[in-house]
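Summary of structural features
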Amino acid sequence: MSFWHTQLPSTPARPALDGDTACDVAIIGAGLTGLWTAYYLKLASPELDIALFEARTVGYGASGRNGGWLSAELVGSREKYAAAGGRGSVLALTKAMQEAIDEVIRVADHEGIEADIRKGGNVLVARNPAQLGRLEARVRYLREWGADYEHIAPEELGHRIAVEGAVGAVFNPHCASLHPAKLVSGLARAVEGLGVRIYENTRCTAIDARSVYTDRGTASARSVLRCLEGFTASVKGARREWLPMNSSMIITDPLPDFASRRIGWTGGETLGDTAHSYMYAQRTVDGRIAIGGRGVPYRFGSRTDHDGRTQQKTIASLTRLLHSMFPAAAGVPVAHAWCGVLGVPRDWCATVNYDPVTGLGAAGGYVGSGLTTTNLAGRTLADLVLQRDTPETRLPWVGRQVRRWEPEPLRWAGVQAIYALYRAADRSEHRSQSAETSSWARLAGRISGR
Ligand SMILES: Cc1cc2nc3c(=O)[nH]c(=O)nc-3n(C[C@H](O)[C@H](O)[C@H](O)COP(=O)(O)OP(=O)(O)OC[C@H]3O[C@@H](n4cnc5c(N)ncnc54)[C@H](O)[C@@H]3O)c2cc1C
């Protein structure tokens, strides 16, 4: 599925559900949202009987395939969150995201999860004047909402990470890089160690209050939590809730010494840019470069990929991007390529929901910034199930109601149009070297409603 999976020791599959069962809390999906929720619920209430139902294997989804940015980036418009809880609540959410990074690191340490975590911060680069204008505007905007950024002078960037063609860069300390599959598999072991049942190869087909219907039997539960992110459309009744957006990655072999010396990048920083079809990258502890970007954005009817297989043209375009940013890596073979889906709500803002009357809950819609967010979402969902009033349950993303995506073929046509416009905008900004953001991108923004 992803390169990260190939680096895990092979272990026997966990059992599938065998007939009907009952539990206090049923969690659907054994990615990080489901696992963090189970972890904090069980720590707070050890007597709870918790069962997780996973269609494939632990970490099969985005949690085992992502770019490994454990970042405080909060997805979506601050104004939309503020409309729900006011400016103070958005500042609290920003701070909670920053603290969640240290919480993940703390738990990994406490549970003996060796996930190659390095808190080296995040570097964002601009590679043409329009990207630089957006980078400056973004930093001004995010600083107003409590984020920490400092500028990196071009000569300093050259010493730190030699990105070809960079015309500006900023640094944010609130980010760590990690090995996604090691984190999710280690967390699953920790959760099982606490006494949670995990059923693999058990696909949920429908949910209602107090019941989970699977292809292996029905589970009755007081609380039913849907933790499916990009796979949400696979469950009856939730098909238009979160759009499964595709993201693709490639990873190189370990870089030879001469390329490593040329590129630098020894501080564990994650690296991104401000293109409309933006890229994200990390340097792994074993000296590779892993780099990701959009690829084919969306499949008709909210379908997902086949076990992470991605198209040749996406691999070729990510490889070109890698070589243009790091010419010294041009001779280094690409070891693996894959893709996965993340969940996008219609208003591009994440949510955590729980209804104590029906016992139904869900968390997700992280739009590609889910690694840290799943931890905060899991703690919040656990508090909501336990009906605790905590700072987490008062955050403005809790209980938001978001309208659904348009039916097909509108949904497909809309997403294709948005990403075609973004790609055209990137090309035009590169060609013109103008400081203005392309009008194609402004049109894409209006269609997407971000
Ligand atoms: C290529 C890629 C790169 C990314 N990079 C980053 C990054 O660097 N930083 C960051 O913050 N975020 C990143 N993200 C997003 C982040 O990985 C996700 O937001 C996060 O992992 C979501 O976790 P989750 O547990 O909610 O969902 P998932 O990890 O997708 O878990 C859902 C689980 O549900 C299972 N499932 C599906 N259907 C059913 C069903 N019907 N019944 C039962 N189980 C089912 C799936 O098999 C899966 O295991 C990336 C995503 C992708 C795809």
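Residues numbered from 1 in each chain as written. Predicted model: local features only at pLDDT ≥ 70, side-chain atom pairs only at ≥ 80, totals over all residues. Heavy atoms only, no water.

1. A look at unusual backbone geometry
We count it as follows: Helical segments are the DSSP runs of H or I of at least four residues, strand segments are the runs of E of at least two, and each set is numbered from the N terminus. Exposure classes here rest on a 1.4 Å probe applied to the protein chains alone. A residue is buried below 20% of its type maximum, exposed above 50%, and partly exposed in between.
In this chain, Glu408 is followed by Pro409 through a cis amide linkage whose omega measures 5 degrees. Residue position: Pro409 is located in the loop between helix H10 (373-385) and helix H11 (410-432). One non-glycine residue, Gln387, adopts positive backbone phi at about 55 degrees. Inspection of the secondary structure puts Gln387 in the loop between H10 and H11. Under the relative-accessibility criterion, Gln387 is labelled exposed at 57%.

2. Observations concerning the environment of Ala382
Position of Ala382 among the secondary structure elements: in helix H10. On a C-alpha basis, the gap between Ala382 and Leu225 in space is 10.0 Å, while along the polypeptide they are 157 residues apart.

3. Side note on the domain arrangement of the protein chain
This is how it is decided: What counts as a domain boundary in this text is fixed by an automatic or database domain assignment. By the convention used here, residues are in contact when the closest approach between their heavy atoms is within 4.5 Å. Buried area is a sum: the accessible area each of two parts loses on coming together, probed at 1.4 Å, counted once for each and added. Salt bridge, as used here, is a side-chain nitrogen of Lys or Arg placed within 4 Å of a carboxyl oxygen of Asp or Glu.
In terms of domain boundaries, the protein chain breaks down into domain 1 (3-104 + 179-241 + 346-394) and domain 2 (122-172 + 244-344). Across the boundary between the two partners, domain 1 contributes 34 residues, which contact 36 residues of domain 2. When the two sides are added together, the surface that domain 1 and domain 2 hide from each other amounts to roughly 2,700 Å², 59% of it contributed by carbon and sulfur. Its largest share of buried area at the contact with domain 2, domain 1 owes to Phe3, Arg65 and Trp69, together 28% of the area lost on that side. Of the charged contacts in the structure, one is a salt bridge between Arg138 and Glu73, with a shortest N-O distance of 3.8 Å. For the side of domain 1 that touches domain 2, the secondary-structure elements that each account for two or more residues are helix H1 (3-6), helix H3 (78-85) and helix H4 (87-110).

4. Digging into the site of the ligand
Keep this limit in mind: Each residue is tested against the molecule or strand, and it is near if at least one of its non-hydrogen atoms lies within 4 Å. Polar contact is the term for a pair of N or O atoms within 3.5 Å; when the atoms are in protein, one must be able to donate a hydrogen and the other to accept it, and sequence-neighboring residues count only if both atoms are side-chain atoms. Computed with the Shrake-Rupley method and a 1.4 Å probe, the accessible areas treat only the protein chains shown as cover for residues. Throughout, the ten residues Ala, Val, Leu, Ile, Met, Phe, Trp, Tyr, Cys and Pro are labelled nonpolar, Asp, Glu, Lys and Arg are labelled charged, and all others, Gly among them, are labelled polar.
Around the ligand, 36 residues are found, and the nearest of them are Thr33, Glu54, Ser63, Gly67 and Leu371. For the ligand, an oxygen atom lies 2.5 Å from a polar atom in the side chain of Ser63. Between the ligand and Gly67, the relevant distance is 2.9 Å, taken from a nitrogen atom to a main-chain nitrogen or oxygen of the residue. Burial of the ligand by the protein amounts to 98% of the accessible area it has alone, namely 1,000 Å². Put simply, the parts of the chain that give the shell around the ligand at least two residues each are helix H2 (32-44) and strand E16 (334-344). With three residues, E16 is the single largest residue contributor to the shell around the ligand. Of the residues contributing to the shell around the ligand, the split by class is 16 nonpolar, 16 polar and four charged. Two domains share the shell around the ligand, each providing at least three of its residues, namely domain 1 (3-104 + 179-241 + 346-394) and domain 2 (122-172 + 244-344).

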